[in-house]
Amino acid sequence: MEKISRRDFLQKLAKVGTVSFLAQNLGGCIKDGKPPELLLTGNVVKDAEAIKKIYYRIEQIVNNRFDQIRIGWLDENENIRVTALSWRKQNDKDLGHLTLIDEETGEETALRFGWKKLSPSVKFTDEQENILFDHKGQEMEYALLDFNKKGAPGKIKDATDWLILGIKAVALGFAIWLGAKIVGLVAGAIAFVAFNAMIIGLVLAGAVVLGAIVKWVLDKTGWDYDTARDFFGKAADEIQALFEEVAV
């Protein structure tokens, strides 16, 4: 694939728009010639504005297991990479889970909740629910309280505080899973979408099919549908501040 410098990319992107620029100039490097519907550049202002507009798409993929959100970003070599998010369910009685696909390698991972060190956790697993290992041989399960710089759990005030810790955990695991350098702000932006999709998918699944661990996590953190929806409703500068806070 022909490479394009980050400077040229951002300049052209600003002039002609994300999708049209990709379709006309970079189609050969995109799966099936289709550009991603969301392209992240590391510019927190533009990325925040773009992400605010895709909330409805999250509900669509949760309600249709054949649908997916494809998010593009620039890797360390200034090539376009695409990560696809989809909601997987075996049947109507299955709780379901969020799956991430790296379209360059074809590798997949599922995001699930658990608990670790007396803390809610996020874990990266295969489709059989086996926890993945990073390049150092460490399990890719991250206790949310490990990301709490404030110290004692009692200083976490509400669902929003827990939400930020969850996004930080996903951002770290996502960057490790990709095995490539990714701008911290971009990892944080993708983690924002992925983590909120996890919550929305589980809440919409209904209490009847929620497993014991998920029920415990949702009760412990206070996460619900409104929590995730309201995060997308925040002003762009608030989302921008969040990206900067969770950047890995």
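Provided above is the structure to which this section pertains.
Attention here is on the structure that accompanies the text.

The rules we used
Residues numbered from 1 in each chain as written. Predicted model: local features only at pLDDT ≥ 70, side-chain atom pairs only at ≥ 80, totals over all residues. Heavy atoms only, no water. Axes fitted to C-alpha atoms, helices over the stretch in contact; angles between N-to-C directions. Helix = DSSP H or I, 4+ residues; strand = E, 2+ residues; numbered from the N terminus. Parallel < 35°, antiparallel > 145°, perpendicular 65-115°, else oblique. Left-handed = near helix turned anticlockwise from the far one by under 90°. Contact = heavy atoms within 4.5 Å. Nonpolar A, V, L, I, M, F, W, Y, C, P; charged D, E, K, R; others polar. Core = buried A, V, L, I, M, F, W, Y, C linked by side-chain atoms within 4.5 Å. Buried < 20%, exposed > 50% of the residue type's maximum accessible area, 1.4 Å probe, protein only. Phe/Tyr/Trp six-rings, centres within 6.5 Å; stacked < 30°, edge-to-face > 60°. Salt bridge = Lys/Arg side-chain N within 4 Å of Asp/Glu carboxyl O. 1 Å grid on protein atoms, 1.4 Å probe; cavity = no way out; pocket = protein on both sides within 12 Å on 5 of 7 lines; lining within 4 Å. Points joined across faces, edges and corners; volume = space filled by probe spheres on them. Arc of directions from axis to C-beta. Polar contact = N/O pair within 3.5 Å; in protein donor to acceptor, adjacent residues only side chain to side chain.

A short note on the packing of helix H5 (residues 159–178) against helix H6 (residues 184–205)
The contact between H5 and H6 brings their axes to 8 Å, and the two run at 120°. In terms of their interaxial angle, H5 and H6 are classed as oblique. The handedness of the crossing between H5 and H6 is right-handed. Where H5 abuts H6, its residues Leu-163, Gly-166, Ile-167, Val-170, Ala-171 and Phe-174 lie against Ala-187, Gly-188, Ile-190, Ala-191, Phe-192, Ala-194, Phe-195, Asn-196 and Ile-199. Looking at the contact of H5 with H6 residue by residue, the class counts come to twelve nonpolar, three polar and no charged.

Looking at the nonpolar core
Counting residues in each nonpolar core, the largest one holds 66 residues, and the members touching the most others are Ile-51, Leu-98, Phe-113, Ile-182, Phe-192, Phe-195 and Trp-223. Sort the elements by how many residues they give to this core and H6 lands first, with 14 residues. Every residue in contact with Phe-192, bar those within four places of it in the chain, is listed here: Ile-51, Ile-167, Phe-231, Phe-232, Leu-242 and Phe-243.

Notes on the packing of aromatic side chains
In total, this model carries six aromatic pairs according to the counting rule given. Their ring planes at 80° and their centres at 5.1 Å tell us that Phe-195 and Trp-223 sit as a pair that is edge-to-face. With a gap of 28 residues between them, Phe-195 in helix H6 and Trp-223 in the loop between helix H7 (212–221) and helix H8 (225–232) connect regions that are remote in the sequence. Like Phe-195, the residue Trp-223 is buried in the burial classification. An aromatic cluster of at least three residues, connected via ring pairs, comprises Phe-113, Phe-195 and Trp-223.

A few points about the pattern of salt bridges
Where charged atoms from two side chains of opposite charge come close, those side chains can pair. Here the structure, examined in full by the defined rule, presents eight salt bridges. Asp-67 is paired through a salt bridge with Arg-57; the nearest N and O atoms lie 2.8 Å apart. One end of the pair, Asp-67, is in the loop between helix H4 (55–63) and strand E2 (69–74); the other, Arg-57, is in helix H4, and ten residues separate them in sequence. Residues Glu-104 and Arg-81 are paired through a salt bridge, measuring 3.5 Å at the closest nitrogen-oxygen approach. Here Glu-104, found in the loop between strand E4 (97–102) and strand E5 (108–116), pairs with Arg-81, found in strand E3 (residues 80–88); they are 23 residues apart in sequence, far enough to count as distant. Counted as one network, the salt bridges with shared partners bring together Glu-37, Arg-57 and Asp-67.

Section: the layout of surface pockets
If you add up the space inside the largest pocket, you get close to 330 Å³. What lines the largest pocket is a set of 18 residues, among which Leu-95, Gly-96, His-97, Arg-112 and Glu-129 lie closest to the centre. For the lining of the largest pocket, the secondary structure elements donating two or more residues are E4, E5, H6 and H7. Ranked by residues supplied to the lining of the largest pocket, first place goes to E5 with three residues.

Quick word on H8
Of all the positions in H8, only Thr-227, Ala-228, Phe-231 and Phe-232 are classed as buried. Here the buried residues of H8 occupy an arc of 135° about the axis, which is enough to place them on one side. The distance from a side-chain oxygen at the start of H8 to the backbone nitrogen of Asp-226 is 3.2 Å, and the residue carrying that oxygen is Asp-224.

Overview of the environment of Thr-109
Relative to the elements of secondary structure, Thr-109 occurs in strand E5. For the pair formed by Thr-109 and Trp-177, sequence separation is 68 residues and the distance between their alpha carbons is 8.4 Å.

Interpretation in functional terms is not warranted from these geometric data alone.
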